Amino acid sequence: MVAEIQNRGRREPNTDAVKNALIKDGWTIIADPYFLQYEDAELYADLFVEKGLLAEQEGRKIVVEIKSFISPSPMRDFETALGQYILYRDILQLASKNYKIYLAIRDTVFDTFFQRKSIQAVVKLQQIEFIIFNNEREEITLWIN
């Protein structure tokens with residue numbers, strides 16, 4: 001539990017860029033980070049955001065996990081990202097939270113590493129949903145559902 005709380009203070013280097021991109025796209029940041037809990041599991045995803053649909057309706061809410069892929073091994077970064085994504089998605093489902101989870105990655109990472117056939121096969125198998133963003137312009141370039 002202590003390690004989990006300490007990890008809350010660690011932020012992905014691209015967190016502010018993703019937040020600004022989401023805000024530009026009409027989303028509201030509800031939680032940074034977002035506390036996930038089920039039974040004795042307590043975890044923190046990077047963001048919980050909402051986009052209003054109509055004034056009289058509740059908006060669409062999603063959870064966003066941001067990954068920078070800055071280590072010397074992009075495959076190791078992918079292992080970590082995939083594990084977190086699946087774990088958070090399952091915890092949301094077990095806790096009866098009907099929120100989709102998106103993995104946010106830079107467009108340069110998507111255009112290189114994520115074009116590998118093996119990575120595309122795993123992404124398809126695991127049905128990973130993405131927010132692709134440009135870090136410099138702080139803009140979302142692609143949503144993948």
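What counts, and where the lines are drawn
- Residues numbered from 1 in each chain as written.
- Predicted model: local features only at pLDDT ≥ 70, side-chain atom pairs only at ≥ 80, totals over all residues.
- Heavy atoms only, no water.
- pLDDT = per-residue confidence, 0-100.
- Helix = DSSP H or I, 4+ residues; strand = E, 2+ residues; numbered from the N terminus.
- Contact = heavy atoms within 4.5 Å.
- Buried < 20%, exposed > 50% of the residue type's maximum accessible area, 1.4 Å probe, protein only.
- Pairing = 2+ DSSP bridges.
- Lys, Arg positive; Asp, Glu negative; His and termini not counted.
- Salt bridge = Lys/Arg side-chain N within 4 Å of Asp/Glu carboxyl O.
- Core = buried A, V, L, I, M, F, W, Y, C linked by side-chain atoms within 4.5 Å.
- Axes fitted to C-alpha atoms, helices over the stretch in contact; angles between N-to-C directions.
- Right-handed = clockwise from strand over helix to strand, strands pointing away.

### Considering the confidence of the model for the protein
Part 1 of the argument: For the protein, per-residue confidence averages 90 on the pLDDT scale, and residues scoring 70 or more make up 89% of the total.
Part 2 of the argument: Element-level pLDDT for the protein is lowest in helix H1 (residues 2–8), with a mean of 42, against a maximum mean of 98 in strand E7 (residues 130–134).
Part 3 of the argument: Across residues 1–7, where pLDDT falls below 50, the model places three contacts with residues more than four positions away in sequence or in other chains.

### Considerations on the pairing of E7
Part 1 of the argument: Across the five residues of E7, five count as buried, placing the element largely inside the fold.
Part 2 of the argument: Along E7, one buried face is formed by Phe 130, Ile 132 and Asn 134 and the opposite face, lined by Ile 131 and Phe 133, is buried too.
Part 3 of the argument: Pairing of strand E6 (residues 100–106) with E7 involves four bridges; the strand directions are parallel. Bridge pairing links Arg 106 to Phe 133 in E7.

### Considerations on the side chain of Asp 107
Part 1 of the argument: With respect to the secondary-structure elements, Asp 107 resides in helix H4 (residues 107–112).
Part 2 of the argument: Of the side chains bearing the opposite charge, Arg 137 lies closest to the buried Asp 107, which forms no salt bridge; the N-O distance is 5.1 Å.
Part 3 of the argument: Leaving out residues up to four positions away in the same chain, Asp 107 has contacts with Ile 132, Phe 133, Asn 134 and Thr 141.

### Considerations on the nonpolar core
Part 1 of the argument: The biggest cluster of nonpolar side chains holds 27 residues, and the ones touching the most others in it are Leu 36, Phe 69, Phe 78, Ile 105, Phe 114 and Phe 130.
Part 2 of the argument: Look past the residues within four positions of Leu 36 in its chain and what remains in contact with it is Ala 41, Glu 42, Leu 43, Ala 45, Tyr 88, Ile 91 and Leu 92.
Part 3 of the argument: Ala 17, Leu 22, Phe 133 and Ile 140 belong to the second largest nonpolar core, which has 15 residues in total.

### Observations regarding helix H2 (residues 15–24)
Part 1 of the argument: Taken together, the buried positions of H2 are Thr 15, Ala 17, Val 18, Lys 19, Ala 21 and Leu 22.
Part 2 of the argument: Looking at the buried side of H2, the elements it contacts are strand E1 (28–31), strand E4 (47–51), strand E5 (60–66), E6, E7 and strand E8 (139–144).
Part 3 of the argument: Note on H2: the residue one or two positions beyond its end, Gly 26, has a positive phi of about 95 degrees.

### Concerning the sheet that holds E6
Part 1 of the argument: The strand order across the open sheet formed by six strands is E1-E4-E5-E6-E7-E8, and the pairing between neighbours is mixed. Looking at the sheet topology across the chains shown, the edges are occupied by E1 and E8. On average, adjacent strands in this sheet sit at an angle of 35 degrees to one another, irrespective of strand direction.
Part 2 of the argument: Pairing of E4 with E5 involves five bridges; the strand directions are antiparallel.

### Things to note about the pairing of E5
Part 1 of the argument: Of all seven residues making up E5, five are buried, and the element is well covered by its neighbours.
Part 2 of the argument: Sheet topology places E5 next to E6; five bridges connect them, and they run parallel. Looking at the pairing, Ile 66 lines up with Ala 104 of E6.
Part 3 of the argument: For the crossover that starts at E5, traverses helix H3 (residues 74–94) and ends in the parallel E6, the hand is right-handed.

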